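# Topology and contacts: notes
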Amino acid sequence: MQRYESDVPLISFQHVAYAYPASQAGQESVPVLRGVDLHIGQGEYVILLGHNGSGKSTLARHCNALLLPDSGDVLVGGQNTRDVRALREIREQVGMIFQNPDSQIIATIVEDDVAWSLIMRGLPAKQVRVRVEEMMEAVGITHLRKLPPHKLSGGQRQRVAIAGVLALRPRCIIADEATSMLDPLSRQEINQLLHQLHEVYGLTIIQVTHLLEEAALAQRVIVMEQGRVLLDDTPTKIFADLPRLRALNLLIPEPLELAERLRAAGMPLDPEAITLESIARALNS
Amino acid sequence: MSDTIIHTRKLSYSYKNASQVKVALRDVSLEIERGSCVAIIGVTGSGKSTLMQHFNGLLKPDAGEVWVDGMRVGARGVDMRQLRRRVGMLFQFPESQLFASTIFADVAFGPQRMGYAHREVRTKVMTALELVGLPFHLYARRSPFELSGGQKRRIALAGVLAMSPQVLILDEPTVGLDAQGRDELYGCLQRIRQEQGGTVILVSHDMAEVASLANRLFVLHQGSLVMQGTPQEVFSRSEELRSWGLAAPPLHELLALLRKQGVPVPPEVFTLDEVYSWFYEYSCLSRQI
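Residues numbered from 1 in each chain as written. Chains lettered and ligands numbered in written order. Predicted model: local features only at pLDDT ≥ 70, side-chain atom pairs only at ≥ 80, totals over all residues. Heavy atoms only, no water.

Here we come to the overall build of chain A. A tally of regular secondary structure across chain A gives 11 helices and 10 strands. Relative to its length of 285 residues, chain A is compact, with a C-alpha radius of gyration of 20 Å against a globular reference of 19 Å. Reported as C-alpha extents along the three principal axes, the dimensions of chain A are approximately 65 × 50 × 40 Å. With 285 residues in all, chain A has 54% of them scored as buried. Contacts in chain A between residues at least 24 apart in sequence constitute 65% of all its contacts with a sequence separation of at least 6. Entry remark: accessible area of chain A is about 12,800 Å², with carbon and sulfur atoms responsible for 51%. Of note, chain A has its 28 positive side-chain charges centred 5 Å away from the centre of its 34 negative side-chain charges. (Helix = DSSP H or I, 4+ residues; strand = E, 2+ residues; numbered from the N terminus. Rg over C-alpha atoms; globule rule 2.2 N^0.38 Å. Buried < 20%, exposed > 50% of the residue type's maximum accessible area, 1.4 Å probe, protein only. Contact = heavy atoms within 4.5 Å. Areas by Shrake-Rupley, 256 points an atom, 1.4 Å probe, with all protein chains shown as cover. Lys, Arg positive; Asp, Glu negative; His and termini not counted. Charge placed at Lys NZ, Arg CZ, Asp CG, Glu CD.)

The secondary structure content of chain B amounts to 12 helices and 10 strands. Taking 2.2 N^0.38 as the reference for a compact globule, 289 residues should give roughly 19 Å; the C-alpha atoms of chain B span a radius of gyration of 21 Å, in line with that estimate. Dimensions of chain B, computed from the C-alpha atoms along their principal axes, are close to 75 × 50 × 40 Å. With 289 residues in all, chain B has 53% of them scored as buried. Contacts in chain B between residues far apart in sequence, at least 24 positions, make up 61% of those at least 6 positions apart. Total accessible area on chain B stands at roughly 13,400 Å², and carbon and sulfur atoms take up 49% of it. Of the side-chain charges in chain B, 32 are positive and 29 negative, and the distance between the mean point of each set is 8 Å.

All names here are of chain A. As for its placement among the helices and strands, Thr108 is situated in the loop between strand 6 (94–97) and helix 3 (110–120). According to the relative accessible area criterion, Thr108 is exposed, its value standing at 60%. The contacts of Thr108, once residues within four sequence positions are left out, are Leu147, Pro148 and Pro149.

Our focus in this paragraph is helix 4 (residues 118–131) of chain B. An α-helix turns once every 3.6 residues. As a result, residues three or four positions apart point the same way. All names here are of chain B. For helix 4, which comprises 14 residues, the first-to-last C-alpha distance of 20 Å matches the rise-based estimate of 20 Å (1.5 Å per residue) to within 8%. The complete set of buried residues in helix 4 reads Val121, Lys124, Val125, Ala128, Leu129 and Leu131. Down the axis of helix 4, the sector holding all buried residues measures 155°, keeping them to one side. Tucked into the core, helix 4 has its buried residues touching helix 3 (103–113), helix 5 (136–139), helix 6 (149–161) and helix 7 (179–196). Backbone geometry just downstream of helix 4 places Gly133 in the positive-phi region, at approximately 75°. (Expected span 1.5 Å × (residues − 1). Arc of directions from axis to C-beta.)

All names here are of chain A. Scanning all chains against the criterion turns up 30 salt bridges over all chains. One salt bridge in this structure joins Asp83 and Arg85, with 3.3 Å as the shortest N-O distance. For Arg85, a relative accessible area of 77% gives the class exposed. Ionic pairing is found between Asp232 and Arg220, a salt bridge with its closest N-O pair at 2.9 Å. Highlighted residues: Asp232 in strand 10 (residues 228–233) and Arg220 in strand 9 (residues 220–225), separated in sequence by 12 residues. (Salt bridge = Lys/Arg side-chain N within 4 Å of Asp/Glu carboxyl O.)

All names here are of chain B. Strand order in the open sheet made by the 4 strands is 2-1-4-5, with antiparallel pairing throughout. If you trace the sheet from one side to the other, it starts and ends with strand 2 (21–33) and strand 5 (71–72), each paired once. As defined by bridge partners, strand 1 (residues 4–16) adjoins strand 4 (residues 63–68) across 5 bridges and the pair is classed as antiparallel. Opposite Thr8, over in strand 4, you have Val66 as the bridge partner. Those strands touched by helix 1 (residues 48–55) are strand 1, strand 2 and strand 4, and its axis lies near 60° from that of strand 2. (Pairing = 2+ DSSP bridges. Axes fitted to C-alpha atoms, helices over the stretch in contact; angles between N-to-C directions.)

Residue and element names in this part refer to chain B. For helix 7, with 18 residues, the first-to-last C-alpha span of 25 Å sits near the 26 Å given by 1.5 Å per residue. All of the buried residues in helix 7 are Ala179, Gly181, Arg182, Leu185, Tyr186, Cys188, Leu189 and Ile192. Of the surrounding secondary structure, the elements contacted by the buried residues of helix 7 are helix 4, helix 6, strand 7 (167–171) and helix 8 (207–213). Of the residues trailing helix 7, Gly197 is marked for its positive phi of about 65°.

Residue and element names in this part refer to chain B. In total, this model carries 8 aromatic pairs over all chains according to the counting rule given. Centroid distance Tyr13 to Tyr15: 5.1 Å. Interplanar angle 85°. Geometry classified as edge-to-face. Overall, Tyr15 belongs to the partly exposed group, its relative accessible area being 36%. Aromatic pair Trp278 and Phe279: ring centres 5.1 Å apart, planes at 85°, arrangement edge-to-face. Phe279 carries the same exposure label as Trp278, and that label is buried. Three or more aromatic residues joined by ring pairs form one cluster here, namely Trp278, Phe279 and Tyr282. Across the ring face of Tyr13, the terminal group of Lys16 is positioned such that the distance to the ring centre comes to 5.8 Å. The positively charged end of Lys124 is found above the aromatic ring belonging to Tyr116, 4.7 Å away from the centroid. (Phe/Tyr/Trp six-rings, centres within 6.5 Å; stacked < 30°, edge-to-face > 60°. Lys NZ or Arg CZ within 6 Å of the ring centre and 35° of its normal.)

Here the focus is the nonpolar core. Core analysis: the largest hydrophobic core is formed by 74 residues, its most contacted members being Ile141, Ile162, Phe239, Leu245, Leu258 and Leu283 of chain A together with Phe279 of chain B. Among the elements that line this core, the one with the most residues is helix 5 (residues 154–166) of chain A, at 6 residues. The contact partners of Leu245 of chain A, leaving out residues within four places of it in the chain, are Leu212, Leu231, Ile238, Phe239, Leu250 and Ile252 of chain A. Counting residues in hydrophobic clusters, the runner-up holds 52 residues, among them Ile103, Val107, Val200 and Leu241 of chain B. (Core = buried A, V, L, I, M, F, W, Y, C linked by side-chain atoms within 4.5 Å.)

Here the focus is the pairing of strand 1 of chain B. Residue and element names in this part refer to chain B. Note that strand 1 and strand 2 share 9 bridges and pair antiparallel. Looking across to strand 2, one finds that Ser14 is bridged to Val23. Two successive antiparallel strands, strand 1 and strand 2, enclose a turn made up of 4 residues.

In this complex, chain B contributes 32 residues to the contact, which on the side of chain A involves 30 residues. Together chain B and chain A conceal approximately 2,900 Å² of surface at their shared face, both sides included; 63% is due to carbon and sulfur atoms. When residues of chain B are sorted by the area they lose upon contact with chain A, Leu254, Leu272 and Tyr276 of chain B head the list and together hold 19% of the total. Summed over the shared surface of chain B and chain A, the result is 1 salt bridge. (Buried area = accessible area lost by both parts, 1.4 Å probe.)

Laid out in structure tokens, this is it:
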């Protein structure tokens, strides 16, 4: 298992502030990040949690220079995202998938789409073929290779998008609300895939979500509020204070709510129980 | 017989182009009671949207019948404009359809196009904004674009409500909304049903939402209606749901897991409150033993 070395963070935010520019003259620009300091190490699985408008997606978009800070710096693998010469390398190291996979699927059949970024980069055909095979295998879409994307389900299309990003061999994948348009089973599948990539390839995963169910499975949860990092801890610690999460306008899953109420009524449930399986175990013991 | 507002009989529909025919609905027969809230569930591509589009005449059946409030959809002589007045439809991410510079102008667009006099339009806009919890005197003159995501969505809903539909169809109404935005929208739906006696048809992937809002569920799988019943009936059959790519809400997944492990949770225990009370008593009992 790959563990991150704390002295060399993969991504570091230093006093980052950002405001979206005013859309019309006379309007004020709206600050979205207000002084974020944050370090994410190689091999971490991090959840960025927050309600609409808390700044979590804006933060994620700073991780691969899609946005540049107004003040402060973002370093990826030690390189500043402001450095134009490092841009290509940064984008290759930190890949991103979005809410709607259609926004990054380009080619007319699956295998061409996975190959796209590699061909653009000018890799020799033989190497492209090897990598495409490998990536389709890694995300489980080899049997769909000749199909056009519109024949696939939402979950399958999201897999294609992930394979396309993986092909560049990034060190980190950012999933920005990548499961929110999917039906429940496809959502579970994509979450499992991200965890598998994390475990098998030691990839750093940064998952942006407003769902606590997804946060329960991570190693580290960062809660954003009004453009600041409000909480940064393990899921167990963060979930120990549900009233606070509720006050932050986050939706509490019913199983967690049930466990909280039973504990309050004096039932000695394991406080570490935050996933469905562990709550079931706690209730049954 | 109960008062049915929509019913279909052996409804079938296929999408066709030059080279292919794709069957989207097969022999769907269902009844929706006036004033109820029903949900249509199924994975992407199961036919949910196709079915909905028959309810306001955007599509006409290839075979079978669709009746809405006594009118047969697609039959000769049926005024489709009448039909669409009765059935309002809120699409996914409706806030992207907002266009006017004031909230009043946006919400008034529908009733104006329907030819209502100025005073009537104003009354309709007022009622609609009241229903969505954004009072006329505070919001009518403002721009819809300075509101939060949840508020924008409610403005879009008001635009549909201003046409006084008897049936309201909502496609994934809470996707992308945070907890507060959801609660506000649920509040609106409650008011629409209580104050206007409206019928609500919900299409959603969020099973917890469906369980708490709908009285009756229809499950579609590859264009066929494979199951219907109360949320309690449907979500107790989690194995079958899984075979159609669906899952019960998290709380009911938890109960299914516990039942499998031998905890005797009775099938009628359904809401969070009921589950809580049952476990509380169960743990007291097992401690006494």
